[in-house]
Amino acid sequence: MKNYFIFTVLLFSAQSALATQCISGGQQIEVHKCNNDILCISRDRTEEVPDEGSTEEDKVSCVDVNFDGELDILVEHRPTGQVKMSSVFIFDKPDGIYKKNQPLSDIPCIKIDADKKLISGECFSSSACDRWSEQYKISDNSLELISTKGTYCDPATGDAYSYFESYDKGKIVQKIVEPLTEGK
């Protein structure tokens, strides 16, 4: 009997590990797994099934990703190497449903700064030396890159540099490059 009880508890906790509840606009929203590990969004006796699989390692949170006052859904997937990808579902007010936003979902290691209303990608890289992060703001319901900072190596000399670039409407308005030295 004791083994049966432990199995039941483990089964119950494994099935509900992904479930998250939040309240938006006075409505309770529940994000959970249903139908063979598919993500489901339930609210007001309706259930949305976005085209998104899920695993036990996924972390789901309700956060206002696009800073419009409505809670959106952020599904952080388990890391692959140094990169952690997410799926972002934005609440579409006119249609009253959640829609996957691919540009936001394509940002690796996404961070949301609600106070500054900024979105960051924290782990871009193309080599061991070439790494950077990007900051975006939401402008006219789309992403606008506002800054990039990182490191790179000169392929001819192997010298390493740090850099910072700021942008305005897609154009570089400031660029600072400094050589990296030991201990920096």
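The structure presented is a predicted model; accordingly, all values stated were derived computationally and were not measured.

(A) Expanded view of the overall build of the protein. Scanning the protein from terminus to terminus reveals 2 helices and 14 strands. Long-range contacts, defined as pairs at least 24 residues apart, comprise 23% of the intrachain contacts of the protein with a sequence gap of at least 6. In the form shown here, the protein has an accessible surface area of approximately 11700 Å², with 52% of it arising from carbon and sulfur atoms.

(B) A look at the state of the cysteines. According to the stated counting rule, one finds 2 disulfides in the structure shown. At a sulfur-sulfur separation of 1.6 Å, the disulfide partner of Cys129 is Cys153. Its torsion about the S-S bond being 85°, the disulfide of Cys129 and Cys153 is classed as right-handed. Linking Cys129 in the loop between strand E10 (118–125) and strand E11 (131–139) with Cys153 in strand E12 (residues 142–153), this pair joins segments that are 24 residues apart in sequence.

(C) Here's a closer look at the sheet that holds strand E8 (residues 97–100). Taking strand neighbours across the sheet as the criterion, the 4 strands line up as E5-E6-E7-E8 in an open arrangement whose pairing is antiparallel. In this open sheet, the two strands that pair with only one neighbour each are strand E5 (59–63) and E8. Direction aside, neighbouring strands of the sheet carry axes that sit 25° apart on average. Looking at chain direction, strand E7 (residues 86–92) and E8 are connected through 4 bridges and run antiparallel. Note on E8: the bridge partner recorded for Phe89 is Lys100.

(D) Representation of the confidence of the model for the protein. Taken residue by residue, the protein gives an average pLDDT of 80. The fraction at 70 or more is 77%. Across residues 1–17, confidence stays below pLDDT 50; counting only partners more than four residues off in sequence or on other chains, it has 2 contacts.

(E) Geometry of unusual backbone geometry. Phi at Lys117 is positive, roughly 55°, even though this residue is not glycine. As for its placement among the helices and strands, Lys117 is situated in the loop between strand E9 (110–113) and E10. Phi at Lys169 takes a positive value of approximately 55°, unusual for a residue other than glycine. The class of Lys169 is exposed, set by a relative accessible area of 69%.

(F) Up close: the sheet that holds E11. What the 6 strands build is an open sheet, ordered E9-E10-E11-E12-E13-E14; its pairing is antiparallel. Each edge of the open sheet carries a strand with a single partner, namely E9 and strand E14 (171–179). Adjacent strand axes in the sheet meet at a mean angle of 20°, parallel and antiparallel pairs treated alike. Taken together, the 8 bridges between strand E13 (residues 160–168) and E14 define a ladder with antiparallel strand orientation. Looking at the pairing, Asp168 lines up with Lys171 of E14.

(G) Just the packing of aromatic side chains, in detail. Tallied over the entire structure, the rule returns 4 aromatic pairs. Centre to centre, the rings of Phe124 and Trp132 are 5.5 Å apart; their planes meet at 10°, and the pair counts as stacked. Taken together through their ring pairs, the aromatic side chains of Tyr152, Tyr161 and Tyr163 make up a single cluster.

(H) Quick peek at the pattern of salt bridges. Overall, the coordinates contain 5 salt bridges when judged by the stated rule. With a closest N to O distance of 2.6 Å, Lys99 and Asp95 form a salt bridge. In this structure, a network of salt bridges that share partners links the residues Lys59, Glu76 and Lys84.

(I) Examining the pairing of E12 more closely. Pairing of E11 with E12, which is carried by 9 bridges, proceeds in the antiparallel orientation. Looking at the pairing, Ser139 lines up with Ser142 of E12. Here E11 folds back onto E12, and the loop between the two strands holds 2 residues, one of which, Asp140, carries a positive phi near 50°. Relative to E13, E12 runs antiparallel, the two sharing 7 bridges. Within E13, the position partnered with Cys153 by the bridge is Ala160. Linking two consecutive strands that pair antiparallel, namely E12 and E13, is a turn of 6 residues; a positive phi of about 80° is found at Gly158 within it.

Calculation criteria
- Residues numbered from 1 in each chain as written.
- Predicted model: local features only at pLDDT ≥ 70, side-chain atom pairs only at ≥ 80, totals over all residues.
- Heavy atoms only, no water.
- Helix = DSSP H or I, 4+ residues; strand = E, 2+ residues; numbered from the N terminus.
- Contact = heavy atoms within 4.5 Å.
- Areas by Shrake-Rupley, 256 points an atom, 1.4 Å probe, with all protein chains shown as cover.
- Disulfide = S-S within 2.5 Å.
- Pairing = 2+ DSSP bridges.
- Axes fitted to C-alpha atoms, helices over the stretch in contact; angles between N-to-C directions.
- pLDDT = per-residue confidence, 0-100.
- Buried < 20%, exposed > 50% of the residue type's maximum accessible area, 1.4 Å probe, protein only.
- Phe/Tyr/Trp six-rings, centres within 6.5 Å; stacked < 30°, edge-to-face > 60°.
- Salt bridge = Lys/Arg side-chain N within 4 Å of Asp/Glu carboxyl O.

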